[in-house]
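Remarks on the overall topology
Take a look at the letters that make up each chain.
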Amino acid sequence: MGPSPGGTEQVLSPYLVHPDELTQLVGAGEPAFRGRQLREWLYSNPVLHTRDMTNLPIGLRRALADRLWPFEVEQHQVADRRATYKWLFRMPDGAAIEAVAMGYGRRTTLCVSSQAGCALACTFCATGQFGFERHLQAGEILAQLAYANAFLRSRPLRSAPPKVTNVVFMGMGEPLANYPRLREAIRLMVEEVGMSARSLTVSTVGVVPGIRRLADDPWPVKLAVSLHASDDDLRSRLVPLNRRYPLAEVEKAAAYFFRKKRRRISLEWTMIRDVNDDLSQAEGLAAIARRLRAHVNLIALNPTPLSADRPSTSEVIRRFAATLRSRGVNVTVRDTRGTQIDAACGQLRVEGSSGKGEGPARRRVLKLTR
Ligand code: SAH
């Protein structure tokens with residue numbers, strides 16, 4: 001159930017879901033500039049609690065105290081000696097998502113979810129193993145950023161900027177399968193929060209029409225394509241969506257994106273032992289990367305509950321990377337963050353949530369306000 005497309009039937013959620021609703025949220029008796037003030041507290045000068053919104057009347061601060069965010073924060077975890085945070089957010093309908101913040105010196109990168117669960121069922125990804133729950137609304141995607149910024153301001157990650165400098169759509173879900181809301185979330189991140197579109201990365205497993213729409217939209221965002229295999233046989237086994245959009249089409253769409261945006265694409269490759277880490281896969285990948293002039297990111301597989309797959313050894317990863325480099329391809333071996341708290345790539349899922357909508361689990365671990 002999405003929101004109704006506006007008009008008289010629209011019922012205002014008790015939670016903030018879109019900045020345009022803020023004016024309604026502050027109520028009929030309030031002057032119009034209150035909406036703008038609230039927006040500033042949420043997006044430009046973020047605070048976690050309404051009590052710190054010093055230019056709002058006390059009564060309004062109290063009335064909004066429980067309605068500031070479109071979710072409850074069920075869990076906050078810290079890892080990598082305070083270089084990584086993970087939050088578990090629970091929406092009023094019971095759907096749950098996760099977001100991960102990572103400090104890298106001059107950058108603070110936030111990995112956001114675009115859907116609760118995922119329908120694409122990539123075999124090695126925990127989110128895919130647990131099925132699809134629902135699309136996130138634009139405001140729910142935006143709120144992950146707004147909340148992280150408010151939080152980081154008071155508790156920054158170790159030696160990293162106290163606000164998000166980069167956003168990657170690499171959390172739960174397939175962003176390009178939720179296109180209109182992803183698009184609106186990007187617009188809001190740029191126009192409300194003031195992010196540079198160049199610091200936003202959309203990661204896709206190869207939703208071809210989505211790649212083309214993103215290429216035609218105005219923002220110079222970055223594109224990451226999760227490839228994992230360089231032939232259709234293997235790729236269709238790992239990434240079922242490949243049967244619908246085979247490699248050649250994904251490559252064509254990526255080339256179109258590169259032509260339109262002139263922004264270097266990255267190809268993501270999860271290194272799975274004895275599955276996609278041999279020489280012929282490396283050669284196939286090198287050929288694709290060269291044609292696209294793309295950068296390759298190799299990520300050792302992180303363990304997931306429903307798969308027996310194991311990561312490639314570091315020796316094999318080193319050799320795979322060397323093969324790519326010897327063919328003129330730029331390669332980075334990505335470090336793994338947050339494995340102890342299941343916050344690493346492909347590990348996001350919500351424990352206890354089957355994704356089948358068994359009704360709201362309203363465990364309240366941390367109450368946000370008061
Ligand atoms: N659906 C999008 C966004 C999720 S991004 C996409 O697939 O691109 C998640 C990234 O982590 C992708 O590059 C994905 O391939 C990778 N990934 C998934 N499962 C993983 C695992 N178990 N170990 C390491 N990386 C994984």
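In this text the structure is predicted, and so the values were computed from the model without any measurement.

1. Some points on the site of the ligand
Close to the ligand lie 21 residues, the nearest being Phe124, Ser203, Ser226, His228 and Asn302. A distance of 3.0 Å separates a nitrogen atom of the ligand from a polar side-chain atom of Glu174. One of the backbone nitrogen or oxygen atoms of Thr204 is found 3.4 Å away from an oxygen atom of the ligand. Here the ligand loses 95% of its free accessible area of 540 Å² to cover by the protein chains.

2. Some points on the pattern of salt bridges
Per the counting criterion, the structure on display carries 16 salt bridges. The closest approach of N and O atoms between Asp217 and Arg183, which form a salt bridge, is 3.0 Å. Separated by 34 residues along the polypeptide, Asp217 in the loop between helix H7 (208-216) and strand E9 (222-226) and Arg183 in helix H6 (residues 179-191) bring together distant segments of the chain. Using a relative accessible area of 13% as the deciding quantity, one classes Asp217 as buried. The closest approach of N and O atoms between Asp335 and Arg337, which form a salt bridge, is 3.6 Å. Several salt bridges converge on common partners, so that one network encompasses Asp93, Arg134 and Glu140.

3. Remarks on the side chain of Arg134
Within the fold, Arg134 resides in strand E6 (residues 132-135). A polar contact is formed between the side chain of Arg134 and the side chain of Asp93, at a distance of 2.6 Å.

4. Observations regarding the confidence of the model for the protein
Summing up the model confidence of the protein, the mean pLDDT is 88 and the portion of residues at 70 or higher is 90%. Overall, residues 1-14 carries pLDDT values under 50, and its contacts beyond four positions in sequence, including any with other chains, amount to nine contacts. When the criterion is pLDDT under 50, residues 352-370 qualifies, and its contacts beyond four places in sequence or with other chains add up to 37 contacts.

5. A closer look at the environment of Thr339
Tracing the backbone through its elements, the reader meets Thr339 in the segment after strand E12 (331-333). Take Thr339: its relative accessible area is 32%, and that puts it in the partly exposed class. Residues Thr339 and Glu184, 155 residues apart in the sequence, show an inter-C-alpha distance of 31 Å. Once residues within four sequence positions are removed from consideration, Thr339 is found in contact with Asn302, Ala344 and Gln347.

6. Section: the sheet that holds strand E7 (residues 166-169)
In space, the 10 strands of this open sheet follow the order E1-E2-E3-E4-E7-E8-E9-E10-E11-E12, with mixed pairing throughout. The sheet is open, and its two edges are formed by strand E1 (72-79) and E12, each paired on a single side. Each strand axis lies, on average, 20° off the axis of its neighbour in the sheet, ignoring direction. The pairing of E1 with strand E2 (residues 84-90) spans seven bridges and is antiparallel. Bridge pairing in E2 links Val73 to Phe89. Against the sheet, helix H5 (residues 138-154) makes contact with E1, E2, strand E3 (96-104), strand E4 (107-111) and E7, and its axis sits at roughly 130° relative to E2, the strand it touches most.

7. Quick notes on the packing of H5 against H6
Contact pair H5 / H6: the axes reach a minimum separation of 8 Å and the direction vectors enclose 40°. Relative to H6, H5 is oriented oblique. Remark: the crossing between H5 and H6 carries right-handed chirality. Note on element contacts: H6 touches H5 through Arg181, Leu182, Glu184, Ala185, Leu188 and Met189, opposite Ala138, Ile141, Leu142 and Leu145. Taken together, the residues that form the contact of H5 with H6 break down as eight nonpolar, no polar and two charged.

Rules used in this analysis
Residues numbered from 1 in each chain as written. Predicted model: local features only at pLDDT ≥ 70, side-chain atom pairs only at ≥ 80, totals over all residues. Heavy atoms only, no water. Near = heavy atom within 4 Å. Polar contact = N/O pair within 3.5 Å; in protein donor to acceptor, adjacent residues only side chain to side chain. Areas by Shrake-Rupley, 256 points an atom, 1.4 Å probe, with all protein chains shown as cover. Salt bridge = Lys/Arg side-chain N within 4 Å of Asp/Glu carboxyl O. Helix = DSSP H or I, 4+ residues; strand = E, 2+ residues; numbered from the N terminus. Buried < 20%, exposed > 50% of the residue type's maximum accessible area, 1.4 Å probe, protein only. pLDDT = per-residue confidence, 0-100. Contact = heavy atoms within 4.5 Å. Pairing = 2+ DSSP bridges. Axes fitted to C-alpha atoms, helices over the stretch in contact; angles between N-to-C directions. Parallel < 35°, antiparallel > 145°, perpendicular 65-115°, else oblique. Left-handed = near helix turned anticlockwise from the far one by under 90°. Nonpolar A, V, L, I, M, F, W, Y, C, P; charged D, E, K, R; others polar.

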